[in-house]
Every structure is written in structure tokens, then in C-alpha cells.
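# Summary of structural features
As a plain string of letters, each chain reads:
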Amino acid sequence: MEREIFEIHGEKVSRGENKTIMVKLPSLYGCSPLSMPVHVIRGKKPGKTLCVTAAVHGDEINGVEIVRRLIKRKGYKKFCGTLITVPIVNVYGFLYQNRYLMDRRDLNRSFPGSKIGSLASRLAYIITNEIVSHADCHIDLHSGSLHRNNLPQIRVDGRCEKTVDLAKVFNAPVILKAQEREGSLRKTVESKGVASLLYEAGECLRFDETSIRVGVRGIFRVMQHLGIITSKISKNYLELSGSFIASSSYWIRSPYSGIFRALRGLGKTVKKGEVIGLIGSPLDNNESSVEAPASGIIIGINNLPLVHEGSALFNIACFEELQQVEKEFQSMNYIATDTHIEYI
Ligand SMILES: [Zn+2]
């Protein structure tokens, strides 16, 4: 159960208070000071603490918008417990619209960090020890890397039943059991016995309305499950019928260098042996097909037509109940690339 007085970066937040704490970071070399805003919203009654982090990769901005919509919601005083949100973890990358830190290090390979390490390591240390250390539960918001679009999905450590159950509560269309990467924020949080979900949705440097809404609704659902909010979720956030757990996933890589055209979009079913893309030459009529080696659903796609041999083209998730997943996705009319579809 949470403490009476909450303290982050030397600032105290009492029950019923709503505070933005500016966590001081190493300044830019032009002497400009830099801070990382952390919003702490505490209900009047005690309860669980949920921590939501976004933009650990500085160019993944769907999560920034998800947090913005979360904190502008009214009526938080009625809830039991605490919501901590960090809308922009990698402030350096966010400023330069870049995935990495200024020294090209990947912050999500630098956890748990060190007080005397590299810039990435120092930032990771602050997040680990001053922020996520307060949480009973953690959600990290990500999007596809440059030119890659992801169907909304939750990635969890499949070995932990508690975390898989929480992933079902979040209710994104797909759950992928993926082992944590060494040095990732998720692995660090899980190593402390705290359930951590990684939400992957949309593409970097773009807003995807479906990804944002599925994310906001998922976090509300987790808050409900933890007893932080008791109110019903708005009708604007209609329920999906449930998440589908992928039995495995694989990447299809380009067999040649050339111009790539996808024949199937995100959320679509592919059958084993089906031609789902073409690689053409920019100089002549030569064209080669890209086949799916196994049946599944496209949960990640490359949007850049210029590819080299070995470039990742499609991420396919395999399901035991593929026909049922296909039917559900069709009935949801779930095509994430169309931002006007409002099924939630
Ligand atoms: Zn990311």
C-alpha cells in the first residue's frame, strides 16, 4: 500500500494533491538547463500506484499523447491510490526527434543505470530509483521504430502469469509473449517483482488515433483492475471482445535489395505460401515476390519502399485460433492505418 507522503526528487506530494515535478537532468552543452516533467496525481484515499512512462525512445510520440489525454481527465480526487506519469522520459531524443540519446546510446538498453555512468546510464538511474521504484504496476508506451508501423499490442514476459493476466486486462488486440531485452526498463522493473507491460502501437513521429485510444482505454482498464478508479469507462471507449495471445511471431526479411510494395496491410491475415509483397528493380521490369512462410496476422509492417536485402518487411504473429482472430479483426474493421475508423 502506498505511503502517506510521496517523495520524488525531493518534492513531497500528499494525498489528494496533483503535482508536476520537474526532475533536473544534466544540462545541454550550450548551458541550457533541462528537466523531465513527472506528473503525480494522488487520490484522497490510499491504494495502489500505477506508473506510466512514454518516449523512452525520444521519437515515439503516440505515448506522449496517451499520457496527455490521461492527465487532462477530471475527477482524479475520487480515486484510491496514485498515478505517476512521465510523458517524455528521453527528453534529449524528443528535442531532436530521435530514438536515441545525443551520444547515440539507446536508453532502453541502459537500465537499471548508474549514478556515475554515461548520460544514458545516469538518466536510467534516475528513472529506476526515483520514479518507477514507487510503482506497484508499470506500463511503458512505445511505437514502431523509424518507418515501421505496429498494430496495437502488449508485450509481456510469458513466464509470469500475473503479468499475462494484467495484459489481458489492458485488452489490446494482440498479446505477444516476448522475453525482456537486457538493459530494458521492463526487465529492470520486473526484476523488482513489479508487473510491467510494454505497449507497442503505431509508428514513430506520427500520431495514430486508434493506437492512442486503445492505449488510453487500456490504462483506464488497468487502473480499474487495480482499484485506483471505480468509475465506469466512458462510452467513447467501447470494449473489444478480448486480446488474442500469439503463440509465436516472426519477421519476413527482404530477399533482395530494391523497391518494396506491400500487398497486405497491418491487421490482415496471411496464408502460408501467399505472395504478400513485391520487390522490384528501379531500373527494369524485374520483380520478385515475397511469400509468407507461415500463416498469421500482420502486426508490424515496414512503410519505407526502399529496402536492402535483409531489411525487415513484415512482422507476423501466429495464432492457434487463427480463423477466429481473423473473424474478430474483420468484425472490428480493424485497419490501424485508417485514422477515421472509430470502433472504440
Ligand atoms: Zn520504443
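## What about the side chain of Glu180?
By the element assignment, Glu180 lies in the loop between strand S9 (174-177) and helix H5 (185-191). Assessed through its relative accessible area of 11%, Glu180 is described here as buried.

## What about the coordination of the zinc ion?
In this structure, His57 (ND1), Glu60 (OE), Glu60 (OE) and His142 (ND1) serve as the protein donors to the zinc ion, at separations of 2.1 to 2.5 Å. Coordination at the zinc ion comes from 4 donor atoms whose angles at the metal span 56 to 147 degrees, giving a geometry best classed as irregular. Taken in sequence order, the residues that donate to the zinc ion follow the motif H-x2-E-x81-H. Across the pair, exposure class does not vary: His57 and Glu60 are buried alike.

## With respect to a nonpolar patch on the surface
A cluster of nonpolar residues, Leu95, Tyr96 and Met102, forms a patch on the protein surface that exposes about 300 Å² of accessible area. Position of Met102 among the secondary structure elements: in the loop between helix H2 (91-95) and helix H3 (119-131). Assessed through its relative accessible area of 34%, Met102 is described here as partly exposed.

## What to know about helix H6 (residues 209-225)
Compared with an ideal rise of 1.5 Å per residue, which puts 17 residues at 24 Å, H6 spans 24 Å between its outermost C-alpha atoms and is within 8% of the ideal. With respect to burial, H6 is a largely interior element, 14 of its 17 residues being buried.

## Description of the packing of helix H4 (residues 161-170) against H6
Geometrically, a packed helix pair is captured by the angle between its two axes and the distance between the axes. Put simply, H4 and H6 touch, their axes get as near as 8 Å, and they point 125 degrees apart. One finds that H4 runs oblique with respect to H6. Only Val214, Gly215, Arg217, Gly218, Ile219, Arg221, Val222 and His225 of H6 make contact with H4, whose side of the interface consists of Leu166, Lys168, Val169 and Phe170. Class assignment of the residues belonging to the contact of H4 with H6 gives a composition of 6 nonpolar, 3 polar and 3 charged.

## Considering the packing of helix H1 (residues 62-71) against H6
Direction vectors running N to C along H1 and H6 enclose 50 degrees, while the axes themselves pass 9 Å from each other. Considering the angle they form, H1 stands oblique to H6. The chirality of how H1 crosses H6 is right-handed. From H1, Asn62, Glu65, Ile66, Arg69 and Leu70 reach across to H6, where they touch Glu209, Ser211, Ile212, Arg213, Gly215, Val216, Ile219, Phe220 and Met223.

## Looking at the pairing of strand S17 (residues 296-302)
Most of S17 is tucked away, with 7 of its 7 residues classed as buried. The sheet contact formed by strand S14 (residues 269-270) and S17 spans 2 bridges and is antiparallel. Note that in S17 the partner of Val270 across the bridge is Gly296. Looking at chain direction, S17 and strand S19 (residues 312-318) are connected through 4 bridges and run antiparallel. Looking across to S19, one finds that Gly300 is bridged to Asn315.

## Considering the sheet that holds strand S18 (residues 306-307)
Working definition: the strands of a sheet are paired by backbone hydrogen bonds and lie parallel or antiparallel to each other. Here we have 4 strands laid out as an open sheet, ordered S16-S15-S13-S18, and antiparallel in their pairing. The two strands at the open ends of the sheet, each matched to only one other strand, are strand S16 (287-291) and S18. Two elements, strand S13 (residues 258-262) and S18, share 2 bridges in a ladder whose sense is antiparallel. By the bridge assignment for S18, Gly258 is matched with Val307.

## Considerations on the packing of aromatic side chains
Taken as a whole and assessed by the stated rule, the structure comprises 3 aromatic pairs. Centre to centre, the rings of Phe244 and Phe329 are 6.3 Å apart; their planes meet at 65 degrees, and the pair counts as edge-to-face. Residue Phe244 is located in strand S11 (residues 244-246), and its partner Phe329 is located in helix H7 (residues 322-331); the two are separated by 85 residues in the primary sequence. Note on Phe244: relative accessible area 7%, which makes it buried. By relative accessible area, which is 4% here, Phe329 ends up buried. Taking 5.6 Å as the distance between ring centres and 80 degrees as the angle between the ring planes, the aromatic pair formed by Phe260 and Phe314 counts as edge-to-face. Highlighted residues: Phe260 in strand S13 and Phe314 in strand S19, separated in sequence by 54 residues. Residue Phe260 is classed as buried on the basis of its relative accessible area of 5%. We note Arg73 situated over the ring of Phe220; from NZ or CZ to the ring centre the distance is 4.9 Å. Cation over ring: Arg148 sits above Trp251, and NZ or CZ is 4.8 Å from the ring centre.

Cut-offs used in this document
Residues numbered from 1 in each chain as written. Predicted model: local features only at pLDDT ≥ 70, side-chain atom pairs only at ≥ 80, totals over all residues. Heavy atoms only, no water. Helix = DSSP H or I, 4+ residues; strand = E, 2+ residues; numbered from the N terminus. Buried < 20%, exposed > 50% of the residue type's maximum accessible area, 1.4 Å probe, protein only. Donors = N, O, S within 2.8 Å, 3.2 Å for Na, K, Ca; no water. Tetrahedral: all angles 85-135°; square planar, octahedral: opposite > 155°, others 65-115°. Patch = residues over 30% accessible without salt bridge, like charges linked within 9 Å, V, L, I, M, F, W, Y side chains within 5 Å. Areas by Shrake-Rupley, 256 points an atom, 1.4 Å probe, with all protein chains shown as cover. Salt bridge = Lys/Arg side-chain N within 4 Å of Asp/Glu carboxyl O. Expected span 1.5 Å × (residues − 1). Axes fitted to C-alpha atoms, helices over the stretch in contact; angles between N-to-C directions. Parallel < 35°, antiparallel > 145°, perpendicular 65-115°, else oblique. Contact = heavy atoms within 4.5 Å. Nonpolar A, V, L, I, M, F, W, Y, C, P; charged D, E, K, R; others polar. Left-handed = near helix turned anticlockwise from the far one by under 90°. Pairing = 2+ DSSP bridges. Phe/Tyr/Trp six-rings, centres within 6.5 Å; stacked < 30°, edge-to-face > 60°. Lys NZ or Arg CZ within 6 Å of the ring centre and 35° of its normal.

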